[in-house]
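Chain residues, written in single-letter form:
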Amino acid sequence: MMKKITYISLAMFALLTASNPVLAATGKKVLTDEGFAQYVSLLKEEALTLGYDRALVDSSFSKVKFHKRAVKADRSQPEKVETLDTYLPKRVPNWKVKKARTLYKEHYDLLTKVSEEYHVQPRFIVALWGLETNFGKIMGNYNVISALTTLAYEGRREAFFKKQLFAALTILDEGHISIEKMKGSWAGAMGQNQFMPTSFLAYAVDGDGDGKKDIWTNQADVFASMANYLQKEGWSDELTWGRQVKLPEGFDTSLAIPKNTGSRKNWLKAWAKTEKSLAEWQALGVRRSDGTNLPTVDIKAALVFPDDENGRVYLAYNNYKSLMHWNLSYYFVSSVGHLSDRIKFPPVK
């Protein structure tokens, strides 16, 4: 029986071995090639302890390298200077709308098949595809094992990136992709739908029955995996995502979900406290963006301000929650919804 090895973080390892005197003196981790090599050795030992085959571990880490650019990207916090009015034209330009509508028509048969199986409207699959990777054109060229190992070593979110790293080893172990072809973003997001490895294990599906879940090159797997994700997170094809609305003068803005709730859990709690039926929102003076009455259907919605009460205002339906699980960002969800609406209207012929 293999002896259990207790994992020691690099910070503790450095302190115990006195191999990083700057860390001991300043509390700041100094990222070095030597430290990275030591960290990789610890990760390999831990992987073996978790039951991964030695040949798999050795091959997966055989060409692992430290990516300074990944650390820089992870540490960079861009200043917030956008509003939704400036963001949407950049994220959903007319050329992307045109491309989305062309590809919607081109892949209509496959999208329809996926839609019938997972009950997700094709336009949302295409919108996500377009916004995540420009329809599979920009998937990232980082070796996923290297990117995840780098960010785990960097240390600020070590537990998260280690979890992703071991999930990536599981994907390799299951034979869905080779280590050479397992490419992704600097953060380890993979394929045409940019799944993190844990999301791959939870949501990726074999869309064409060939025995592999290939979200890099297989369109059936890409579309089915996206739809499966949304379905598992509560999507209903009987609803749309939401609609932009107008508020009356003097509207009580406390009826909306607070802009910054701090976490998805808190955001969902706020949703539960503030959602109302469309009839109730109608009675409070909320109207469609063109000033007409809200639809007379028995569904509930929550009010969201991606910017503030002076910016765009949306009534969000339950499908909005599925998109916020994909990416907890009002701007991201608004761009998906906006592109999906541009695919639907006018109808693609």
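The text that follows walks through the structure, step by step, so that each part is easy to find. (Residues numbered from 1 in each chain as written. Predicted model: local features only at pLDDT ≥ 70, side-chain atom pairs only at ≥ 80, totals over all residues. Heavy atoms only, no water.)

1. Things to note about the pairing of strand β3 (residues 242–246)
Now for step 1: Looking at chain direction, β3 and strand β7 (residues 313–316) are connected through four bridges and run antiparallel. Looking at β7, one finds that G242 is bridged to A316.
Now for step 2: Direction of pairing for β3 relative to strand β5 (residues 287–288): antiparallel, over a ladder of two bridges. The residue of β5 that forms the bridge with V245 is R288. (Pairing = 2+ DSSP bridges. Helix = DSSP H or I, 4+ residues; strand = E, 2+ residues; numbered from the N terminus.)

2. Some details on unusual backbone geometry
Now for step 1: In the segment running from F345 into P346, the intervening peptide bond is cis, with an omega of -5°.
Now for step 2: One non-glycine residue, F135, lies in positive phi territory at about 60°.
Now for step 3: Look at Q194: it is not a glycine, yet its phi comes out positive at around 55°.
Now for step 4: Residue position: Q194 is located in the loop between β2 (183–184) and α12 (197–203).
Now for step 5: On the basis of relative accessibility, which here comes to 17%, the residue Q194 falls in the buried class. (Buried < 20%, exposed > 50% of the residue type's maximum accessible area, 1.4 Å probe, protein only.)

3. A look at the layout of surface pockets
Now for step 1: Approximately 1000 Å³ is the volume attributed to the largest pocket.
Now for step 2: Lining of the largest pocket is provided by 30 residues; of these, R157, W186, A187, N327 and S329 occupy positions nearest its centre.
Now for step 3: Sorting the residues of the lining of the largest pocket by element identifies α5 (68–75), α6 (84–91), α9 (122–133), α11 (158–173), α12 and α17 (330–344) as the ones contributing at least two each.
Now for step 4: Tallied by class, the residues present in the lining of the largest pocket amount to 16 nonpolar, ten polar and four charged.
Now for step 5: Here the second largest pocket defines a volume of roughly 450 Å³. (1 Å grid on protein atoms, 1.4 Å probe; cavity = no way out; pocket = protein on both sides within 12 Å on 5 of 7 lines; lining within 4 Å. Points joined across faces, edges and corners; volume = space filled by probe spheres on them. Nonpolar A, V, L, I, M, F, W, Y, C, P; charged D, E, K, R; others polar.)

Keep in mind these numbers describe shape, not what the thing actually does.
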